[in-house]
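# Topology and contacts: notes
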Amino acid sequence: MGEASPMFIPTFNHSLYIEARPDRLSADGGGVLLREVLEQSCIIEWLIAHLVDTRAQDQIDYPLAELLRTVLVLYGQGWRDQDDADALRFDPALRLAISEAAGTAALDEGHHLPSQPTLSRLLEMLSQPANLRVLQNAVAEMAGRRLRAMRRGHRLRQVTIDIDGLPIEVHGNQPKAAYNGHYHQQMYHLIVASSAETGDMLDARLRAGNAHTAEGALDFVLDLVSRVEMTLCQVALVRMDAGFPGEPLLAGLEANRTPYVARIKTNNALDRLAAPHLGRPAGRPPAEPRIWFHEKSYAAGAWSGERRVVLVVLERPGELLLDHFWLLTNIDAQTLSGEELLALYRERGTAEGHMGELMDVLAPALSASSRARWPHASDAFARNEALLLLHLLAYEVLHSGRCVMQKITRTGWSLRRFRERVLKVGARVVLHARRATLVVAETAAPSWRQFCQGLKGLAWNTA
């Protein structure tokens, strides 16, 4: 057999030939690690037990488990477009990571990744109301399973739930997308819940692009608090920015005995309350900027009564006037002083960093088109929400892997570093008798050994 003809010879090195060969090569060897996370956590089994499979069972080619693994592994590996599934259908590492078949059967001619139309039908099924509810629960369920596995079955004593609005820019004629004057773009305005302490995404809802920051927050937050206290912790504390505090949400949290801390927007009444404390003290200011805390009670016009507010006055270097803002809480001063309250609120920055990772690394693309010709088709807005929740669940799978590497190496890992160092690994599949061997790049071997050692050390059976 003669040598293969080169595809091309680069101009910078005429001794370098580029060839294509029928070897079983893959750039996504780390897909099998994501499959191992899914298997150890049993989250796919949990999903199958709760989802309603509306397909005609005698006409399906792919079990529901394979379809769910496909979207989660592809999103985790950075393939965010459903059309990518067609180009990757015969990728050997991904076929091994996704298939239900044992041995080398996953690489048989009839076993390949689902096509884009098949994944579209999966999305249609997941966007039905009952299945959307399951996806919403699955995100916090995955977070709880990982935390309990890392703590030998024990929940945390307290978890802070960070509630925030998050813009997702959209293109084309997406239902309920709208121009938002605050963000200056055509978008959806999500409401997202995360946890700064643990790095988890806990839940999200898709909202119209021009939705107010607090729209739908009451039902979203109270429902999530209930679920988080069953799966992650004993007590949930809610932390939110100035767009959320309103009488319905505050009263709901207080009736539920849920502690909260929030920043509130200033107004004329608060300015008058702050005025006596905004004078700069006499004398030369010290080298280090100062912060003062003043305890007050305040009742906004729409509130049912007075609540504890803390005036935070800050001295900024090079500025003549003192800066100030207000924090609102239902935690008493004996339990949490003004200084401790500010430290707690400032941890919101960590939560915002995790949301940034979601948008940067997972980069949800919400672009479901109309399917009016389908019988009983859900609307495109519901399918976009299903897409969003699948991306959050993929984030949780990636985050679980990241936490394994952080624990075993005792260093910090970003999601991007975890994907590029551990998951996006060149690999070759070698078949021998009934055994398939995945040969990975030698440079990846140390990280893979650490990952497998760390994953094995988690008590998933107690989660």
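Residues numbered from 1 in each chain as written. Predicted model: local features only at pLDDT ≥ 70, side-chain atom pairs only at ≥ 80, totals over all residues. Heavy atoms only, no water.

## A closer look at the overall build of the chain
Scanning the chain from terminus to terminus reveals 15 helices and 12 strands. By principal-axis analysis of the C-alpha atoms, the chain measures approximately 90 × 55 × 50 Å. Looking at the chain as a whole, 51% of its 463 residues are labelled buried. Considering only contacts within the chain whose residues lie at least 6 apart along the sequence, 66% involve residues at least 24 apart. Surface accessibility of the chain: about 22200 Å² in total, with carbon and sulfur atoms responsible for 51%. (Helix = DSSP H or I, 4+ residues; strand = E, 2+ residues; numbered from the N terminus. Buried < 20%, exposed > 50% of the residue type's maximum accessible area, 1.4 Å probe, protein only. Contact = heavy atoms within 4.5 Å. Areas by Shrake-Rupley, 256 points an atom, 1.4 Å probe, with all protein chains shown as cover.)

## A word on the sheet that holds strand β12 (residues 435-440)
Spatial strand order, β1-β11-β12: three strands in an open sheet with antiparallel pairing. The open sheet terminates on both sides in strands that have one partner only, identified here as β1 (25-26) and β12. Judged from the six bridges that link them, strand β11 (residues 427-432) and β12 form a sheet pairing that is antiparallel. In the strand pairing of β12, V430 is matched with T437. (Pairing = 2+ DSSP bridges.)

## Description of the pattern of salt bridges
Evaluation of the coordinates by the stated rule reveals 25 salt bridges. Across the pair D53 and R55 runs a salt bridge, and its minimum N-O distance is 3.0 Å. D53 sits in the partly exposed class, given a relative accessible area of 25%. A salt bridge links R227 to D203; its shortest N-O distance comes to 2.7 Å. Of this pair, R227 sits in helix α8 (residues 217-231) while D203 sits in strand β5 (residues 201-205), and the two are 24 residues apart along the sequence. Assessed through its relative accessible area of 0%, D203 is described here as buried. Here the residues in one salt-bridge network are R133, D203, R205, D223 and R227, joined through shared partners. (Salt bridge = Lys/Arg side-chain N within 4 Å of Asp/Glu carboxyl O.)

## Some thoughts on the packing of helix α12 (residues 348-362) against helix α14 (residues 415-423)
Contact geometry for α12 and α14: axes closest at 9 Å, N-to-C directions at 35 degrees. Here α12 contributes E357, D360, V361 and L362 to the contact with α14, which in turn contributes L415, R416 and R419. The class makeup of the residues in the contact of α12 with α14 is three nonpolar, no polar and four charged. (Axes fitted to C-alpha atoms, helices over the stretch in contact; angles between N-to-C directions. Nonpolar A, V, L, I, M, F, W, Y, C, P; charged D, E, K, R; others polar.)

## Considerations on the state of the cysteines
For the coordinates displayed, the defined rule picks out zero disulfides. In this structure C42 is a free cysteine whose sulfur lies 17 Å from that of C452, the closest cysteine sulfur available. A relative accessible area of 34% places C42 in the partly exposed class. There is no disulfide at C403, and the cysteine sulfur nearest it, in C233, is 16 Å away. With a relative accessible area of 6%, C403 lands in the buried category. (Disulfide = S-S within 2.5 Å.)

## Let's talk about unusual backbone geometry
In this structure, R152 takes a positive phi of about 55 degrees despite not being glycine. Residue class for R152 comes out exposed when judged on its relative accessible area of 55%. Its identity as a non-glycine residue notwithstanding, A363 has a phi of 45 degrees, on the positive side. Considering the arrangement of structural elements, one finds A363 in the loop between α12 and α13 (380-409). The class of A363 is buried, set by a relative accessible area of 18%.

## Let's talk about helix α1 (residues 31-41)
If you check which residues of α1 are buried, you get G31, L33, L34, R35, V37, L38 and S41. In the segment just after α1, C42 is the residue with positive phi, at about 60 degrees.

## Some points on the side chain of N137
Among the secondary structure elements, N137 is positioned in helix α7 (residues 129-150). A distance of 3.3 Å separates polar atoms of two side chains, one belonging to N137 and the other to R227. Beyond its immediate sequence surroundings of up to four residues, N137 is in contact with W46 and R227. (Polar contact = N/O pair within 3.5 Å; in protein donor to acceptor, adjacent residues only side chain to side chain.)

## Focus on the side chain of R146
Structurally, R146 is set in helix α7. Judged by its relative accessible area of 2%, R146 is buried. Beyond its immediate chain neighbours, meaning those up to four positions away, R146 contacts T198, D200, H399, S400, C403 and W460.

## Overview of the packing of aromatic side chains
Each aromatic ring pair is characterised by the separation of its centres together with the angle its planes make. Scanning all chains against the criterion turns up three aromatic pairs. On the basis of an interplanar angle of 75 degrees and a centroid distance of 5.4 Å, the ring pair of Y298 and W303 is categorised as edge-to-face. Relative accessible area serves as the criterion here: at 11%, Y298 is assigned to the buried category. Here W303 falls in the buried class, since its relative accessible area comes to 13%. The ring of F325 is capped by R263, whose NZ or CZ atom sits 4.3 Å from the centre of that ring. Note that R307 overlies the ring of W303, its terminal NZ or CZ placed 5.2 Å from the centroid. (Phe/Tyr/Trp six-rings, centres within 6.5 Å; stacked < 30°, edge-to-face > 60°. Lys NZ or Arg CZ within 6 Å of the ring centre and 35° of its normal.)

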